[in-house]
Amino acid sequence: MPYYTYIALCSDNTLYTGYTNDIQSREDTHNQGKGAKYTKARLPIEIVHVEEFQTRSQAMKREYAIKQLSKDQKLSLINKPNQSKKSTSKPNTRQS
């Protein structure tokens, strides 16, 4: 089962980073106010960047690495060509 690290754009233009094994379900959960405490006050959210991993551990390590980036660095990552976006049918595989 693949795992995913994602960046979500919140309604106040802040970014939230997390990991999951089901991207669509996780976005739905956030938007129902049942997700992270951070996103509950910033609805709706839209997942704007996704990376796929083979293990939960890899996804969690990438989540941590992304959380260490500045907002500008995260925006660069989101806007990078050839990087996966929610609209892409299958996320890029990226090992860290």
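Residues numbered from 1 in each chain as written. Predicted model: local features only at pLDDT ≥ 70, side-chain atom pairs only at ≥ 80, totals over all residues. Heavy atoms only, no water.

Enquirer: Is there a simple way to explain helix 1 (residues 23-31) in this structure?
Expert: Two residues of an α-helix separated by three or four positions point the same way, owing to the 3.6 residues in each turn. I23, E27 and H30 are the residues of helix 1 that are buried. The buried residues of helix 1 all sit within an arc of 60° when viewed along its axis, so they share a single face. Next to the buried residues of helix 1 lie strand 1 (3-9), strand 2 (15-20), helix 2 (37-40) and strand 3 (46-53). Two or three places before Q24, at the start of helix 1, stands the capping residue D22, its side-chain oxygen 3.4 Å from that residue's backbone nitrogen. Trailing helix 1 by a residue or two, G33 shows a phi angle of about 80°, which is positive. (Buried < 20%, exposed > 50% of the residue type's maximum accessible area, 1.4 Å probe, protein only. Helix = DSSP H or I, 4+ residues; strand = E, 2+ residues; numbered from the N terminus. Arc of directions from axis to C-beta. Contact = heavy atoms within 4.5 Å. Polar contact = N/O pair within 3.5 Å; in protein donor to acceptor, adjacent residues only side chain to side chain.)

Enquirer: Would you explain the pattern of salt bridges in this entry?
Expert: In total, this model carries three salt bridges according to the counting rule given. Here R62 and E51 are joined by a salt bridge, their closest N and O atoms 2.7 Å apart. Placement of R62 in helix 3 (residues 56-67) and of E51 in strand 3 is noted, with a sequence separation of 11 residues between them. Accessibility classification places R62 together with E51 in one group, the buried group. Residue K67 pairs with E63 through a salt bridge whose shortest N-O separation is 3.1 Å. (Salt bridge = Lys/Arg side-chain N within 4 Å of Asp/Glu carboxyl O.)

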